[in-house]
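Breakdown of the fold
Below, each chain spelled out in residue letters.
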Amino acid sequence: MRVNPTLRRPLALGAAAVATSLLAALTIAAAPGEVAAQVAAAATSPFEIPGRGADVPFVEHEAEAAATNGTKIGPGRRQGTLEGEASGRRAVTLSGQGRYVEFTLTEPANSIDLRYSVPDGNGGAGITAPLSLYLDGTKTGSLTLTSKYAWRYGGYPYANDPNQGKPHHLYDSTRALFGRTLAAGSKVKLQVDAGDTAPSYTIDLADFELVAPAATRPANSVSVTDHGATPNDGTNDNAAFDAAVAAAKSSGREVWIPAGRFTVTKHVTVDQVTVRGAGHWHSVVTGDRVGFYGLGEPSSCGQGGNSGVSTRVGLHDFAIIGEVTNRVDCDQTNAIGGALGGGSVISGMFLQHTKVGLWLDGPFSGLTIRHNKVVDQLADGMNLHRGISDVLIEHNLFRNISDDGIAFWSEHQADHNNTIRRNTVVVPMKANGIAIYGGRDNVATENVVADTQDQGGGIHVGNRFSSVPLSGTTTLSKNTTLRAGVLDSNWQFGVGALWFDARDGAMNGRIDVTDTDLIDSNYEAIQFISGTITNVHFNGVRINGAGTFGIQLQSPGAASFTNVTATGLGRAGVYSCLGENGFQLTKGAGNSGWDGPSYCGPWPDPIYTDPTNPPTTTTTTTTTTTVPPGGNLARGKAVSASTANGGFPAAHAVDGDASTYWESANNQFPQSLTVDLGRSENVGRLVLKLPPPAAWEARTQTLSVSGSTDGTNYTPLAASAGFRFDPASGNQVTIPVSGTHRHLRLTFTGNTAWPAAQLAELEVYGTTTTTTTSPPPQGNVARGKPVQASANGGFPGGNAVDGDANTYWESPNNAFPQAFTVDLGSRIAVNRIVLKLPPATAWAARTQTLSVSGSSDGANYGQLVASAGFRFDPASGNQVSIPVPADHRFLRLTFTGNTGWPAAQLAEFEAYAG
């Protein structure tokens, strides 16, 4: 594994500082509650974890670490933003002629693979524009960048319609050979020149590789050109590929794909044959619906497909590049598919712009998948679906994947005895880096997952999606997650970097988690949610930075913890509203940093620290509260049902998403749904919902409500009656209830529109409004918070709270007085502020005249520090510390002079509490 050495220096933390032009291009505005989640991540690279992740042949350079006169954006974690979707949560935007990013090679290279974003256009169809390429100062051509394959909108399964809002999957990648080898120390520059017509170019990273020359044709092979395929002419080569495969199989030879670009618009069926290219940089098979499939291919939306299992298939050293711009789940527009067992091997492949890189349907056994690069997919990176065994997946890179990076889905039949080893998954757009849905005796070891985005975490094990329940022993060992976990856009609470979910049924197969590092998790590090989860064992797990909690318990269960340590937790060690015996924590030796009193309360915003530079003190303050969470008390709580029909589990009724629903078995009334609130609550009303109108016609369901404090003895709260759900009134009903209960049960005896009980959301509300004390803030409480300040060109106010003293805010020239205001998000007792200018010696000493004031409401300010001159001197770090007696939400600096420049200047505004 190789990485640009400059990345080994931790980057500073801070909030996103996004240029005005970029925000205009995105048309996204952060809601007030989201801004706190935009602060930065540590710069640990997924390619610099010793002994973990894929061995790759390239050196990766992050754009923000390169020379540039563009606008550095990030760090930031908010979904659907360019900084949030960037590797490491930082990137560089080039807007206007002359803006550039220049990389300095640390090893010889003759190629570039660039991850970038350009704005969308043409109603979602995308734009295409060049970007000039310079090698050692000489322009040698340009790279063609496009948003055709990027920018998805709305909800699942997403679309190319900007009118649906919620943009995501903003990046794509392109690659090119230089035509010559550049030595270490050479410069590769990407620059906006005349004729480079995109409104802006955002550069995330570049992979530089010394690509070997094209391989020569094996002696015992059948070339596709022998059967009429012609490279680089754009004509259809379908028949030639089929003929070459048939001829090679019948004669016991290999299929050879020489260097060139071949057009194939169908699935090439392979069985007992090897297909080999001259290297994936040289041999490219591309086209709409291109794919290489074993027997056992499912139909595409009811058309085609076949049966059987292919054996002894080899797919080696060529690229498959598709033309998929929309996700259609029933359509087999995947690069590699079908059933490939019996000693088959897939290696050295490059897969791009298909729906799924590798979607394999079982049952079959015996496959090796190694040293492949899978990028820019609209669904999974790879998925082993249904009864697949003895598969080894190692040293693969998955990047910019729009669903699970690597998944085992044991639908109906158990995937078993498979191993995921030494893989790297970076920026999965939706779902998880690695997911194991049911099955038995599967292993994930020595993998790295970084920068997850939505509706998933880093590594996940669950009884979900009608999978065969987990059994045997599932092993998760020596894995690392970086900046993993998300604020789930449906549930609106954090999903863990490592999480477990038993929503389809109790999960009691053994799970061993050993020698694992969860670094800089966006929310909680470990999570248990939905159903009952037991037999999970942690030993040697290191939690190094988490925005909220070390462990989040939202469902009953049991787990053992030995040598589990936590540092840099934003809120508390454990979140749990389950009560004393709701989740059994068996604690062995060597635990620290998380096993204090638990927190129960509203979901807090994350607070981030730098996990590469932990605080020197180990003393933490944790607040425990018995106050119930506000709002809907049932969301995300443990729920059970008498029966569930197919893919409509009970957990759908408490997931906060009215588009998903629980449905009982047909024709089996009565049916019950029971929610465990985790503790006894004083309840006042229930709100029952069915999915939003559309195709859901009006219906009346007959049901009663009962409550219990112990889960055994129930008392009636609402007698059985018919409740009408009508689209005209939002498809919901409200039922008043009273009393103090932990368990609430609905008993259904009829439904006029369907022979089963149906419920999209069971919402429970208390009778009073309560408040909860959160853990006190730690460290610099201004980092990443919203600011207000007028700015001079490319020096926005956000630069002064981004944790990077090399970036700065500057006001317009000759326009004193100037004000700079920070919103801390809530009233905080601050005792000092630290003001910084960039540390570079080029910043000569100067005195700035300013005052400090504070406000609780953002309207009425009182003076805290009278106007005075404060000297910033490089000899003393170019910073000043000002004591303040503040207990305010808003802090304001008012500048009236600067001896070094005719404007206010500020690199960092830091505020410290306690």
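See the structure shown above.
1. Focus: the sheet that holds strand β35 (residues 434-437)
- Across the sheet, which stays open at both edges, the 12 strands sit in the order β15-β18-β22-β26-β29-β32-β35-β38-β43-β45-β47-β49 with parallel pairing between neighbours. Of all strands in the sheet, those bounded by a partner on one side alone are β15 (267-269) and β49 (572-576). Neighbour-to-neighbour, the strand axes of this sheet turn through a mean angle of 15°, independent of strand direction.
- Pairing of strand β43 (residues 498-501) with strand β45 (residues 526-529), which is carried by 4 bridges, proceeds in the parallel orientation. Note on β45: the bridge partner recorded for Leu-498 is Ile-526.

2. A short note on the state of the cysteines
- Using the criterion set out here, one finds 2 disulfides in the structure.
- Between the sulfur of Cys-301 and that of Cys-330 lies a disulfide, 2.0 Å long from S to S. Sign of the S-S torsion, about 85° for the bond between Cys-301 and Cys-330, identifies this disulfide as right-handed. Of this pair, Cys-301 sits in the loop between β18 (291-293) and β19 (310-311) while Cys-330 is found in the loop between β21 (319-321) and β22 (336-338), placing the two residues 29 residues apart along the sequence.
- The exposure class assigned to Cys-330 is partly exposed, which follows from its relative accessible area of 38%.
- A sulfur-sulfur distance of 2.0 Å marks the disulfide that ties Cys-577 to Cys-600. For the disulfide bridge between Cys-577 and Cys-600, the dihedral angle about the S-S bond is near 105°, and by the sign convention the bridge is right-handed. Of this pair, Cys-577 sits in the loop between β49 and β50 (583-587) while Cys-600 sits in the loop between β50 and β51 (638-641), and the two are 23 residues apart along the sequence. Both residues of the pair, Cys-577 and Cys-600, belong to the buried class.

3. Here's the deal with the side chain of Glu-761
- Looking at where Glu-761 falls in the secondary structure, it is placed in strand β59 (residues 761-766).
- A distance of 3.3 Å separates the side chain of Glu-761 from the backbone nitrogen of Asp-657, its partner in a polar contact.
- Those residues within four positions of Glu-761 in sequence are excluded, and the remaining contacts are His-652, Ala-653, Val-654, Asp-655, Gly-656, Asp-657, Ala-658, Val-687, Leu-688 and Lys-689.

4. Digging into the packing of aromatic side chains
- Under the criterion given, the structure shown has 28 aromatic pairs.
- Summarising the aromatic geometry, the rings of Phe-241 and Phe-292 are spaced 6.4 Å apart at their centres and angled 70° between planes, so their arrangement reads as edge-to-face. Placement of the pair is Phe-241 in helix α2 (residues 238-251) and Phe-292 in strand β18, with a sequence separation of 51 residues. There is no split in this pair, since Phe-241 and Phe-292 are both buried.
- For the pair Phe-528 and Phe-538, a centre-to-centre distance of 6.2 Å together with 80° between the ring planes defines the contact as edge-to-face. Placement of the pair is Phe-528 in strand β45 and Phe-538 in strand β46 (residues 533-546), with a sequence separation of 10 residues. Neither residue differs from the other here; Phe-528 and Phe-538 are each classed as buried.
- In this structure an aromatic cluster arises from ring pairing among Phe-500, Phe-528, Phe-538, Phe-561, Phe-583 and Trp-594.
- It is Lys-373 that lies over the ring of Phe-58; its NZ or CZ is 4.5 Å from the centre.
- The ring of Tyr-861 carries Arg-892 above its face, with NZ or CZ at 3.9 Å from the centroid.

Cut-off values and rules
Residues numbered from 1 in each chain as written. Predicted model: local features only at pLDDT ≥ 70, side-chain atom pairs only at ≥ 80, totals over all residues. Heavy atoms only, no water. Pairing = 2+ DSSP bridges. Helix = DSSP H or I, 4+ residues; strand = E, 2+ residues; numbered from the N terminus. Axes fitted to C-alpha atoms, helices over the stretch in contact; angles between N-to-C directions. Disulfide = S-S within 2.5 Å. Buried < 20%, exposed > 50% of the residue type's maximum accessible area, 1.4 Å probe, protein only. Polar contact = N/O pair within 3.5 Å; in protein donor to acceptor, adjacent residues only side chain to side chain. Contact = heavy atoms within 4.5 Å. Phe/Tyr/Trp six-rings, centres within 6.5 Å; stacked < 30°, edge-to-face > 60°. Lys NZ or Arg CZ within 6 Å of the ring centre and 35° of its normal.

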